[in-house]
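Observations on the model geometry
Below, each chain spelled out in residue letters.
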Amino acid sequence: MILEDLLALQTLDGLEPAKALRVIGTLVDHALDTCDLELNSRVLDWAAELEPRLTDDTERALLDYYWANAWANVDADARQDRTQAWVWDQEPAQRQLLLLRRALTRPTFPKVPDLLQCQILTNLGNQLSYLGRFIEAREFWSRALDAMPDFWMARFNRGFGLITYARHLYDVGHRAALALAAHTDMVNAVSSLDAHAEYGDVRLRAEFVAYAQSIAARVDLEAVSAEYNPEGFSLGEDAREQGYRRWCLQECLFLNPLNDAEPNSIAARDVMQLPTFCTLADERPVVLGLFNQLKQEFVSARWMYYEGVTSEGLHFSDRDVALYNTLDYPALGLAAEKVKLAFRMSYSLFDKIAFFLNHYMKLGIAETQVSFRHVWRDKKTKLLRPAFADTENLAFRALYWLSRDFYDEDIKDSMEPEARACHDLRNHLEHKYLKLHLMAWPEPETTSSPFDLFKDDLAHSLTVADLERRSLRILKLARAALIYLLLGMHTEEERRHAASGSDGLAATMPIHMADDLYKQRLG
């Protein structure tokens, strides 16, 4: 069918599902090119009608992608208005996250064409970055580049995410290093675009060049490059410490923005601290101790996870511990318990971040009512609290949207496919019974299968591999959340300073760093 025939369609009834899917894909692109919101609205309705008709999982992933693009068309129009762009609750953004994540988690995703995989990964990264979640977005852009190194849309957007990150930093050196990495990505994206025009809309080239030039105009990139030696740092005194630090770098787990640029040795330290902040003369700087604890718990959870997943052989503490063989390939021992503890510690950090926000933003929520999922809204009105509502604090907005990836019994609108599974896992770890298995225990094929004496229907069963994967994901989310907290605090301090004017007097107070003596058990 030619485009004119497609535009004349008023219904997809009578078309085979595969053909209807192609129609939707073509019209979504046309609606974007022509800014035709009426056509786009029609396509949104058709996508909803077509979904139950598709039986092939690959086609479903393609529909998710087209459908998300249609919501992006709605979003693109709203983002032209600054006020609308800073509204924290945005349905088009929510819909895109749901659809792109669904496409990504479909069983057949690894089998779809590489180009489509890269488009889905890149768009998901773009959407997360727009909401402020540029740290998490980098993983999806990098995954796309791992699959297709010349996929220039992912490379440019990764650079754009890095420069957005850099603008929110309060360390001049970190800002310059990320600007250098961002510029490199953008310049390389232009080179890839020239060589592979088939990967996207080549009309974006002028915009890419302009962004790269704007960074070069603001940052002395030649000087930064000359002075920046990212591999000139020690990774530790022995092989064990060096192995640990290399692993942290590769998994991007240091509380250090430079780790989000590259896994270089310069980033192998948890250097991020609270930004400069002001308190009233009679207000104690208690957030220093609170942040110390958040940071210490994170790095301790990180180490426990690493020990759990890299340990070999039987630990002496497990010798002569009499345990039953439940005949379902049980996974027992200290290593497994360390991974469980790492999950629990990482997950608990989010409510503690909410506790920090409650104090710092003076929200007035009773301490027993503070939680990461609920801290953002007034309990009675269900509206966003005035301290957050539509404010231009991108990092706090990132935390808000990250909180919506957590499952809550009272707020069932999570956009993360595994949110319920992680919620149930934590609940069983804290209050019930998790049983680990070395391999998956097969489910009975039918309800009439013979009675299995050794099926443990009291336990929440999980393989070691699944526990390790979910624990690492929560650990990475905790790192991102801690960095967003610091960047959001910096933005809030700048807002408070601008709002206070020049009438008030402020005195500086030096803050001393704790010596390693305080990190050891004495006596």
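The notes below deal with the structure included here. (Residues numbered from 1 in each chain as written. Predicted model: local features only at pLDDT ≥ 70, side-chain atom pairs only at ≥ 80, totals over all residues. Heavy atoms only, no water.)

Per the secondary structure count, the protein chain includes 18 helices and 2 strands. For a compact globule of 523 residues, the expected C-alpha radius of gyration is about 24 Å, and the protein chain comes in at 25 Å, within 12% of that figure. If you line up the protein chain on its principal axes, its C-alpha atoms span 85 × 80 × 50 Å. In the protein chain, buried positions account for 47% of the 523 residues. Partitioning the intrachain contacts of the protein chain with sequence separation of at least 6 by distance along the chain shows that 70% fall at a separation of at least 24. Just so you have it, the protein chain exposes about 27700 Å², and 54% of that area is on carbon and sulfur atoms. (Helix = DSSP H or I, 4+ residues; strand = E, 2+ residues; numbered from the N terminus. Rg over C-alpha atoms; globule rule 2.2 N^0.38 Å. Buried < 20%, exposed > 50% of the residue type's maximum accessible area, 1.4 Å probe, protein only. Contact = heavy atoms within 4.5 Å. Areas by Shrake-Rupley, 256 points an atom, 1.4 Å probe, with all protein chains shown as cover.)

This paragraph deals with the environment of Ala18. Counting through the fold element by element, Ala18 comes out in helix 2 (residues 17–34). For Ala18, a relative accessible area of 30% gives the class partly exposed. Remark: the alpha-carbon pair of Ala18 and Leu50, spanning 32 residues in sequence, is separated by 9.7 Å.

In this section: the packing of helix 14 (residues 287–310) against helix 15 (residues 334–360). Across the interface, helix 14 lies against helix 15 with an axial gap of 8 Å and an inter-helix angle of 160 degrees. Viewed along their axes, helix 14 and helix 15 adopt a mutual orientation that is roughly antiparallel. Of the two elements, helix 14 crosses helix 15, and the hand of that crossing is left-handed. Residues of the contact of helix 14 with helix 15, tallied by class, amount to 18 nonpolar, 5 polar and 4 charged. (Axes fitted to C-alpha atoms, helices over the stretch in contact; angles between N-to-C directions. Parallel < 35°, antiparallel > 145°, perpendicular 65-115°, else oblique. Left-handed = near helix turned anticlockwise from the far one by under 90°. Nonpolar A, V, L, I, M, F, W, Y, C, P; charged D, E, K, R; others polar.)

Before going further, it helps to examine the packing of aromatic side chains. A complete count under the given rule lists 28 aromatic pairs for this structure. Note on Tyr347 and Phe406: the rings are 5.4 Å apart at their centroids and 80 degrees apart in plane angle, and the pair reads as edge-to-face. Placement of Tyr347 in helix 15 and of Phe406 in the loop between helix 16 (394–403) and helix 17 (419–431) is noted, with a sequence separation of 59 residues between them. One aromatic cluster is present, built from ring pairs that chain together Trp88, Phe343, Tyr347, Phe350, Phe372, Trp376, Phe388, Phe396, Tyr400, Trp401 and Phe406. The side chain of Arg397 reaches across the aromatic face of Tyr130, ending 5.0 Å from its centre. (Phe/Tyr/Trp six-rings, centres within 6.5 Å; stacked < 30°, edge-to-face > 60°. Lys NZ or Arg CZ within 6 Å of the ring centre and 35° of its normal.)

This brings us to the environment of Leu115. Tracing the backbone shows Leu115 in helix 7 (residues 114–130). Sequence spacing of Leu115 and Met148 is 33 residues, and the spatial spacing of their C-alpha atoms is 7.8 Å.

Here the focus is helix 8 (residues 134–147). Residues lying three or four places apart along an α-helix face the same way, a consequence of the helix completing one turn every 3.6 residues. A rise of 1.5 Å per residue sets the reference length of helix 8, with its 14 residues, at 20 Å; its end C-alpha atoms lie 20 Å apart and thus fit the reference within 8%. Burial within helix 8 is extensive, with 10 of its 14 residues counted as buried. Within helix 8, burial applies to Phe134, Ile135, Glu136, Ala137, Arg138, Phe140, Trp141, Ser142, Ala144 and Leu145. Its buried side turned inward, helix 8 meets helix 6 (91–105), helix 7, helix 9 (152–167), helix 16 and helix 18 (464–500). (Expected span 1.5 Å × (residues − 1).)

Moving on to the pairing of strand 1 (residues 434–437). Here strand 1 shows no split at all, with Leu434 and Leu436 on one side and Lys435 and His437 on the other all buried. Of the pairings in the sheet, the one linking strand 1 to strand 2 (residues 460–463) comprises 4 bridges and is parallel in character. Paired with Leu434 across the bridge in strand 2 is His460. (Pairing = 2+ DSSP bridges.)

Turning our eyes to something else, we now look at the side chain of Arg404. Tracing the chain through its elements places Arg404 in the loop between helix 16 and helix 17. For Arg404, a relative accessible area of 5% corresponds to the buried category. A distance of 3.2 Å separates polar atoms of two side chains, one belonging to Arg404 and the other to Asp89. (Polar contact = N/O pair within 3.5 Å; in protein donor to acceptor, adjacent residues only side chain to side chain.)

Ile24, Trp376 and Leu399 are the most contacted members of the largest nonpolar core, which totals 155 residues. When residues in this core are grouped by element, the largest group, 15 residues, is from helix 18. In contact with Leu399, other than residues within four places in its own chain, are Ile353, Leu357, Phe372, Trp376, Ala481, Tyr484 and Leu485. (Core = buried A, V, L, I, M, F, W, Y, C linked by side-chain atoms within 4.5 Å.)

With that settled, consider unusual backbone geometry. Note: most residues except glycine have negative phi, and most peptide bonds are trans. Residues other than glycine seldom take positive phi values, yet Lys362 does so here, at roughly 55 degrees. On the secondary structure map, Lys362 appears in the loop between helix 15 and helix 16. Even without a glycine there, the phi angle at Lys382 is positive, about 70 degrees. Looking at the secondary structure, you find Lys382 in the loop between helix 15 and helix 16.

Quick look at a nonpolar patch on the surface now. On the surface, a cluster of nonpolar side chains totalling about 290 Å² of accessible area is made up of Val321, Leu323 and Leu332. For Leu323, the position within the fold is in the loop between helix 14 and helix 15. Leu323 gets classed as exposed once you look at its relative accessible area, which sits at 54%. (Patch = residues over 30% accessible without salt bridge, like charges linked within 9 Å, V, L, I, M, F, W, Y side chains within 5 Å. Salt bridge = Lys/Arg side-chain N within 4 Å of Asp/Glu carboxyl O.)

Looking now at helix 7. Counted at 1.5 Å a residue, the expected span for helix 7 with its 17 residues is 24 Å, and the 24 Å between its end C-alpha atoms agrees. The first or second residue beyond helix 7 is Gly132, which carries a positive phi of 105 degrees.

Mapping Glu492 onto the fold places it in helix 18. Other than its neighbours up to four places away in sequence, Glu492 contacts Tyr360, Met361, Asn393 and Phe396.

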